[in-house]
Amino acid sequence: MKITDIKSFIVGINNKNLMVVKVETDNGLYGIGQGGTTTREEAMVGMIKHIRHFLIGKDPRRIEDINQEIYRSQYYEGGTIISATTSAIDLALWDILGKHLNTPIWQLLGGASRNHVTCYIDGPAGSGNTFADQAANLVKTGWKTIRFTPETGDPLFRQDKDSIFEPWESIGWTAKQMKSVRNKVGPDIKLAVDYHHRLNVAQAAFFCREVEDVGLLFLEEPIRSESPQAYAALRQMTPMPFAIGEEFSGIYVFAPFIEQGLANYVRLDICNVGGFTAARKVAAMAEAHYLDIVPHTPQGPICLAASVHLCSAIHNFAILEYPWETAKVPSDLFPRQPQLEKDHFLLPQFPGLGIEFNEEVASHYPPVPWEAPHFRRRDGSFTNY
Ligand SMILES: [Mg+2]
């Protein structure tokens, strides 16, 4: 079997763009993959143009070898765009292998470790003006684990638009909301917060103290994650469990966070880390330190489908993110998508990824002019989205 073509598509859905690849082979099988940088999709398409010539003619079953070659062949190896593009090709190659062997990918990763893959959901999926109302609404529909993304209490603040984000206003407001969530839903519902790396070390430590009696399952990325030393400093100031890693490109960035006890949950993103090939290596690193993975999935239905396969097979899995906007993914573009059953996915039964992408209608979903929101503090200085 040989790779005969690699096509890339940027499709705009839910006001965001997905970079989808299709790897075709000489026996008629093809695989679907996705790169997950959330923005800068044109850079991933440019990367595909750079690597296409040396991938055509290769046996698509040499997945490890191709993964190494894409990641390392430009001398300056790795980085966000290269790793995301490596992920896209890697997912497509595993899809081809599964179809070729007529088996779902989780079987190729060691078989089932569980009967279903349990998910958590984000607060805004529930209706209501307060976190407590949203949580109560979600609990009523069967959710047992709910995560919230902090706001500021300013009615002008929007998570999805350029906004003023003042950390100290957010800390007080969010802590109060989380306390009222706990009062409303009781002790048995698991709660988490994703601070989207919007705090500094002192602010993060302060927030952890403020929500001590809420009992969070985890606090996700309170600070930026370039510096393991910063997390080590924060770790000294709080016993809070941290979920870290959704932005990490390649396996190596995870090592200090896992080895030094800085991450308590490993938040890999299969469309950024380097596909199944890298994700299972990170999961193995985590397993050796008794840590569970909590994959990041909002990149779209391909990312979600691939993560369901990974979590079906990997033993050290805690819970999967269910991106609530998944329900709005158009079915003519993705005629087959993973189907949620209450708060979990059953193990996928179709060969390969089990997802279909209809390239004939891709042009009906042109790229949208989306830019990640730019946040500024009240004094005008830039801060993280
Ligand atoms: Mg996050």
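Remember, predicted model here, so these are calculated numbers, not experimental data.

Chemist: How should the overall build of the protein chain be read in this particular structure?
Modeler: Looking only at helices and strands, one finds 11 helices and 15 strands in the protein chain. For the protein chain, whose C-alpha radius of gyration is 20 Å, the value lies close to the compact-globule estimate of 21 Å for 385 residues. Along the first, second and third principal axes, the C-alpha set of the protein chain runs to 60 × 45 × 45 Å. The buried share among the 385 residues of the protein chain stands at 46%.

Chemist: Can you walk me through the packing of helix α5 (residues 131-140) against helix α6 (residues 167-185) in this structure?
Modeler: Two quantities define a packed helix pair, namely the angle between the axes and the distance from one axis to the other. Between α5 and α6, the shortest axis-to-axis distance is 8 Å and the interhelical angle comes to 35°. Both α5 and α6 take part in a crossing whose hand is right-handed. Packed against α5, whose contacting residues are F131, A132, A135, A136 and V139, the element α6 presents Q177, M178, S180, V181, K184 and V185 at the interface. Among the residues forming the contact of α5 with α6, the class breakdown is 8 nonpolar, 2 polar and 1 charged.

Chemist: Help me understand the domain arrangement of the protein chain, please; the structure alone is not making it clear to me.
Modeler: For an interface, size is often stated in terms of accessible area lost upon the parts coming together. Assigned domains within the protein chain: domain 1 (3-103) and domain 2 (107-349). Its C-alpha centre places domain 1 at a distance of 26 Å from the equivalent point of domain 2. Domain 1 puts 30 residues into the contact, and the matching count from domain 2 is 23 residues. Residue assignment for the side of domain 1 that touches domain 2 shows that the elements contributing at least two residues are β1 (3-13), β2 (16-25), β3 (30-35), α2 (63-72) and α3 (80-100).

Chemist: What exactly am I supposed to notice about the sheet that holds β3 here?
Modeler: Sheets are built from strands that pair by backbone hydrogen bonding, the pairs being arranged parallel or antiparallel. Here 3 strands make up an open sheet; going across it, the order is β1-β2-β3 and the pairing antiparallel. Bordering the open sheet on either side are β1 and β3, each of which pairs with just one other strand. Across the sheet, the mean angle from the axis of one strand to that of its neighbour is 25°, orientation sign disregarded. Sheet analysis places β2 next to β3, joined by 6 bridges and oriented antiparallel. Bridging across to β3, V20 finds its partner in Q34. Lying over the sheet, helix α1 (residues 41-55) contacts β1, β2 and β3, oriented at roughly 175° with respect to β1.

Chemist: I tried to follow the sheet that holds strand β6 (residues 163-164) on my own but got confused; where do I start?
Modeler: The mixed open sheet is built from 3 strands, whose spatial order is β6-β14-β15. Across the chains shown, the open sheet's two edge strands, defined by having one partner strand only, are β6 and β15 (382-383). In the sheet, strand β14 (residues 375-376) pairs with β15 via 2 bridges, with the strands oriented antiparallel. From the neighbouring strand, R376 faces β15, where its bridge partner is F382.

Chemist: Explanation requested: α2 in the structure shown.
Modeler: For the α-helix, the turn length of 3.6 residues means that residues three or four positions removed from each other point alike. Along α2, the positions that sit buried rather than exposed are I63, I66, N67, I70 and Y71. Seen along its axis, α2 keeps its buried residues to an arc of 125°; they face one direction. When the buried face of α2 is taken as reference, the exposed residues oriented beyond 90 degrees from it are E64 and D65. If you follow the buried residues of α2, they end up packed against α1, α3 and α10 (275-287).

Chemist: Any chance you could explain α10 here in plain terms?
Modeler: The end-to-end C-alpha distance of α10, which contains 13 residues, comes to 18 Å, matching closely the 18 Å that a straight helix rising 1.5 Å per residue would cover. Regarding α10, the residues found buried are G275, F276, T277, A278, A279, R280, V282, A283 and A286.

Reading the values: the criteria
Residues numbered from 1 in each chain as written. Predicted model: local features only at pLDDT ≥ 70, side-chain atom pairs only at ≥ 80, totals over all residues. Helix = DSSP H or I, 4+ residues; strand = E, 2+ residues; numbered from the N terminus. Rg over C-alpha atoms; globule rule 2.2 N^0.38 Å. Buried ≥ 20, exposed ≤ 12 C-beta atoms within 10 Å, placed from the backbone. Axes fitted to C-alpha atoms, helices over the stretch in contact; angles between N-to-C directions. Left-handed = near helix turned anticlockwise from the far one by under 90°. Contact = placed C-beta atoms within 7 Å. Nonpolar A, V, L, I, M, F, W, Y, C, P; charged D, E, K, R; others polar. Domains from an automatic or database assignment. Pairing = 2+ DSSP bridges. Arc of directions from axis to C-beta. Expected span 1.5 Å × (residues − 1).

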